[in-house]
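Reading the structure
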Amino acid sequence: MNENYQLTINQLQEIETASEGTLQILEVTEPKDSNSSLWITISLRLGKIPSHPAGIQFRTREKFRICTPINFPFVKPEVWVEHNRFAGYPHVQWKHYLCLYQAPDVEWDPSDGMYGFISRLWLWIKCAALDELDPVGAPLHPPAVYLPKGPVRYLIPRIDAPSISNSPWVGLIELGLIHQNCVEVIGWKEFNSPKHEHMLGVAILLSEPMPFEYPKKLWDLFGELEHRSISRSYLLLALQIAVLNQPEEQPLYVVLGTPMRGIRGEGQLQQHLTAWYIDPILVQAIRLSCNKFSDTEEVKAIGKEAEAIWLGWAKKADIEWCRVLEDRPEIVTRRDYNSPLSHLRGQIISIWGCGAIGAHIALYLARAGVKKLILIDKGIVTPGILIRQPFPANSIGQPKVIALKTELHRIRPDLEIETCTDNLLTGLLNEENWAGEAQIVIDCTASLQVHTKLEYRRHCTKLKASIISMMISQETKYGVVSVSREDYSGGTADLHRKAKIKAYQDEKLRAFVDAFSPLADKNIVFQPEPGCSSPTFIGSEADSALLSGMMLNLAAKHFHPEMVHSSQSGWLHYVSQPGLPQSEHFKPFASFEWTADIIVQDPRHNYQVRIEPAAWKQMQGWIEKSKKRYGSNTETGGLLYGESNHSNRVIWINHVAGPPPDSQASSKEFICGTVGVKQKHYRLKKLSGGAIKYVGLWHTHPSSMPFPSMQDLVGMRKIFAMDQFPPALSLLLIVGTPHTQPLVGTYTFMRRENIDIWENIFSKDDVKLTTIPIER
């Protein structure tokens, strides 16, 4: 006897000695060969344990047979009884087998050995006596079926079962073929439904429970159904209807449902589904039996004979049960329940760039249950990219979007997928509807050109779509992901710029700035095929997949259903690979959040002016300070600092300064001075990595509309005339208060313009100013 079996006997003997007669070892049946199990019969003295009338009524002493596997204690033992008295109770299978563990892989601890096993048996006995094997609040134990010894067939219910009341429901099921031994239920149909395009089966949904152990024989099952108002003749008629509505040489699946699925004590129970399989040869007999309804006596005789043959077979035949793999939403709780990606379920998402980041993102989203993916990439699959992009070798030469579509449909055949191989810059980003029907665009191109043009296209159209952008650094150490919700004031370029400003204020984030700034000195430029391939990052699929997953999770969190007020927010996250050397000068992670900027449109050159809320507060502070010192009728003003981008036509205002010391202010005019302007410009530029610098002037019109005056134009001339600091563009922002609500107007001026024409361009009849009311 091997040492594992000896361990079993030793431990049981120790329990026997310590129990003082409660446990007795009656018989030890040694294994016949090296592959057989050890059987030990024990007797337990139960006495008068507490019981419930609906529970198992135990005798004073009960016998149990323990089957110890050869790999004990790493594999748990099993326990059986020799009688049928426990049959029909939950967690008693095949009339004799006691199911002690709901999840053995989690609940069985090898270190407990026989001590833990006997304790578990005692717990089972106590619960069975009190009718608490399926306690209130716990999942009900489903009925057991006998699977065939040969190849097992599988049936996957995808659609919730029809609701039934007090009588059974008998109808048809639509089936989809997964593979030769696996089908899926994709629809439930009444018998009188219109034309059927799919493979059909029969469904019987009962209104009352079945036994906990289903019969092995088909005829016995028919008897159980007859007790529940489904006669044998009606069942055969249902089989005949299904057979006549599908092609010959196909098998037939019969789904049987009983209300035994759910949580005990919590509302109406769901249908527990089982299924059995009828071979095509036997289906042919059912088809021939339909001839009994013929008007021709000879044909009718053939039908009756075929029916008799089939019923004769059914009286002796074993049921060929299928293994049911549940996927009904009413039954199955998704394994990604309440995960970040669950917030994207049901969405239509466009992915720009289907390479090392985008292809992995698409695979993750397909499994997460998105409704539709729109894949956009102009590239093809080449040998080199197979190292880190999830494409098979036989897709080389195919467009990436086509190869990716094939892989996605392997995961989810039902997923809607649209593909496009156009160049984003010359195609989609030239269109008003740049997002198509997508609610979310995920930009994985890592292209500065795409970021810039998207920023322009987004503010030039009224299209509402959220934008997620992801990039990986040169050596795959870092990742950056930004999220701009549908009503946020900017896009990817906006958020990257703001993050750069924040990061420059923290020396520990300088590694991220250097990795993702387009102006950073890139010491390493990796070209996989020198001279004829685009530079890319260096890293494996594990590197890119890890960073892609981290970034997607972070982005998805901002689409939580409870974030109903977040549509005007934007976020950016820096992430890094685990295991990077830690240092007091490096942060491995950083997150930033911004609310929408105040938007004012420039009527002269069609620039969008974005005023950061903090900058607007600074401006309000200077206005209030002037009121307290000089009165509410005196104009005031100062300098604007931010950035102008001529390609996407955006001017950001991040900092507002008050009037320089050489400024002149009265109730009729404000002339902004220039003392200290140049110095402040260079100081802010250095502190922000070049993102904040002089962009223009601001001042107030305390009791009039925000239209430029002659004095305002004089101030602009003065700015353009400054030595060593001649801006190419300058912004003039005016806060007017003709009523109680202040209005803001913005105007751009170019150094290359003829200054003499400025005096004539602000006719109220010729120019429609864009103004936006701002609360005090």
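A brief structural summary. (Residues numbered from 1 in each chain as written. Predicted model: local features only at pLDDT ≥ 70, side-chain atom pairs only at ≥ 80, totals over all residues. Heavy atoms only, no water.)

Points about the sheet that holds strand β4 (residues 78-80)
Taken in spatial order, the 6 strands of this open sheet run β1-β2-β3-β4-β6-β5, and their pairing is antiparallel. Each edge of the open sheet carries a strand with a single partner, namely β1 (23-29) and β5 (92-93). On top of the sheet, helix α1 (residues 3-19) reaches β1, β2 (38-45) and β3 (61-68); it is set at about 155° to β1, its chief contact. (Pairing = 2+ DSSP bridges. Helix = DSSP H or I, 4+ residues; strand = E, 2+ residues; numbered from the N terminus. Contact = heavy atoms within 4.5 Å. Axes fitted to C-alpha atoms, helices over the stretch in contact; angles between N-to-C directions.)

Regarding the side chain of H655
With respect to the secondary-structure elements, H655 resides in strand β25 (residues 650-657). Other than its neighbours up to four places away in sequence, H655 contacts A615, Q618, L639, L640, Y641, K680 and L684.

Quick notes on the pattern of salt bridges
The tally for this structure, following the rule as stated, stands at 34 salt bridges. Close ionic contact of K372 with E437 constitutes a salt bridge, the shortest N to O distance being 2.3 Å. With K372 in strand β15 (residues 372-376) and E437 in the loop between β16 (416-420) and β17 (440-443), this residue pair connects regions lying 65 residues apart in the sequence. The exposure class assigned to K372 is buried, which follows from its relative accessible area of 10%. Between D506 and K587 there is a salt bridge; the shortest N-O distance is 2.7 Å. (Salt bridge = Lys/Arg side-chain N within 4 Å of Asp/Glu carboxyl O. Buried < 20%, exposed > 50% of the residue type's maximum accessible area, 1.4 Å probe, protein only.)

Here's the deal with the packing of aromatic side chains
The full count for this structure, using the stated rule, is 20 aromatic pairs. When the ring of W169 is compared with that of W188, the centres are 6.4 Å apart and the planes differ by 65°; the resulting orientation is edge-to-face. On the criterion of sequence distance, the pair formed by W169 in strand β8 (residues 169-179) and W188 in strand β9 (residues 182-189) is long-range, its members being 19 residues apart. Cluster of aromatic residues (ring-pair linked, three or more members): Y478, F512, F516, Y574, F586, F592 and W594. Over the face of the ring belonging to W219 we find K315, whose NZ or CZ atom lies 5.2 Å from the ring centre. The ring of Y504 carries the charged tip of R510 above its face, separated from the ring centre by 4.2 Å. (Phe/Tyr/Trp six-rings, centres within 6.5 Å; stacked < 30°, edge-to-face > 60°. Lys NZ or Arg CZ within 6 Å of the ring centre and 35° of its normal.)

Some words on the state of the cysteines
One pass over the full model with this rule turns up 0 disulfides. Here C322 stays free of any disulfide, with the sulfur of C182 as its closest cysteine sulfur at 9.6 Å. Its sulfur unpaired, C354 is 7.8 Å from the next cysteine sulfur, which belongs to C444. Residue C354 is classed as buried on the basis of its relative accessible area, which comes to 0%. (Disulfide = S-S within 2.5 Å.)

Re the sheet that holds β8
The strand order across the open sheet formed by 7 strands is β12-β11-β10-β8-β9-β7-β13, and the pairing between neighbours is mixed. If you trace the sheet from one side to the other, it starts and ends with β12 (270-278) and β13 (323-324), each paired once. Pairing of strand β11 (residues 252-261) with β12 involves 9 bridges; the strand directions are antiparallel. Across the sheet, P259 pairs through a bridge with Q271, a residue of β12. Along the sheet face, helix α5 (residues 232-244) touches β8, β10 (199-205), β11 and β12 and points at about 155° away from the line of β10.

Let's talk about the nonpolar core
Counting 44 residues, the largest nonpolar core has L344, L365, L373, L375, L408 and I442 as the members making the most contacts within it. The element contributing the most residues to this core is helix α8 (residues 358-368), with 7 residues. Excluding residues within four positions of it along the chain, I442 makes contact with I349, S350, I351, W352, I361, L365, I468, M470 and L552. Formed by 34 residues, the second largest nonpolar core is a distinct cluster that contains I278, A314, I319 and W321. (Core = buried A, V, L, I, M, F, W, Y, C linked by side-chain atoms within 4.5 Å.)

By themselves, these figures tell us nothing about what the structure is for.
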